[in-house]
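Secondary and tertiary structure notes
Now for the letters of each chain:
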Amino acid sequence: MTSAPAADQTAHLSGPLLDHLSRRIRMRAESVMAPLGLRPRHVVALTVLRDAGACNQQSLATMLAMDGTNVVGLLNDLEAQDLVERRRAPEDRRRHVVQLTEAGSRRLAEVELALAAVEDEVLGALDAGQRETLYTLLQAAVSNAQVICTEHVEPTGDC
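Now for a description of the structure that goes with this document. Because the structure is predicted, anything quoted here is derived from the model rather than measured.

**With respect to the packing of helix 2 (residues 40–52) against helix 3 (residues 57–64)**
Between helix 2 and helix 3, whose axes approach to 11 Å, the crossing angle comes to 115°. Relative to helix 3, helix 2 is oriented so that their crossing is right-handed. Of the residues in helix 3, those touching helix 2 at V44, A45, V48, L49 and A52 are L60, M63 and L64. For the contact of helix 2 with helix 3, a count of residues per class yields eight nonpolar, no polar and no charged.

**Considering the pairing of strand 2 (residues 84–89)**
Sheet topology note: the strand 2/strand 3 (residues 92–100) ladder contains six bridges and is antiparallel. Its bridge partner lying in strand 3, E85 is registered against Q99. Here strand 2 folds back onto strand 3 in antiparallel fashion, the turn holding two residues.

**Some thoughts on the sheet that holds strand 3**
Overall, antiparallel pairing links the three strands, which are arranged 1-3-2 in an open sheet. Each having just a single partner strand, strand 1 (55–56) and strand 2 make up the two edges of the open sheet. Two strands pair when backbone bridges link them, and strand 1 and strand 3 are joined in this way by two bridges, in the antiparallel orientation. Counterpart to C55 in the pairing with strand 3 is V98. Those strands touched by helix 4 (residues 68–80) are strand 2 and strand 3, and its axis lies near 120° from that of strand 2.

What counts and what doesn't
Residues numbered from 1 in each chain as written. Predicted model: local features only at pLDDT ≥ 70, side-chain atom pairs only at ≥ 80, totals over all residues. Heavy atoms only, no water. Axes fitted to C-alpha atoms, helices over the stretch in contact; angles between N-to-C directions. Helix = DSSP H or I, 4+ residues; strand = E, 2+ residues; numbered from the N terminus. Left-handed = near helix turned anticlockwise from the far one by under 90°. Contact = heavy atoms within 4.5 Å. Nonpolar A, V, L, I, M, F, W, Y, C, P; charged D, E, K, R; others polar. Pairing = 2+ DSSP bridges.

Here is the structure:
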C-alpha cells in the first residue's frame, strides 16, 4: 500500500486566507447592506445593470451565472423596492428588458459608500498601493476563472 505524498509544509496557500478574508468582509458587508434592504446578490445585480446598461432578462441571468427562475425572484425583490424596472422588449414581446431606475442608482451609490467603509475597516492593515495591487491580482484571478467557467457557454445575445 502506498501512502499519499506529504504536502509541502512550507507552501503558502492563498485559499484559506482568501476564505477567511471573504468571510470577514461578507459578515461586515451584510450588516451594512441590511438597513438598506439589500443582500449581496442584489448589489451584484444592480452593479451589473449599472455597468452593462439595460439588458434582457436572459442575458442578465447569464451574466449573473444564475438560473432564470432565481433571477425572476431577485428581480421581484428589486422591483418591489423600485430599484429596477422590467418592461417588454419592443422587438420580442415574450422577453423582458431590465434596467436600473434612478432610485436604484441612488441606492447602489449608498451601498457602495457603506461597502468602501467596510473595506477600509477589514483591509486597514494595507496601504493604498497594497490595496490596488490586491485588487489587480484579484481581477486577474477572477478573469481567468470566468474564462474557464464560460468557455462552453453559448452566447445568449447582447446586453
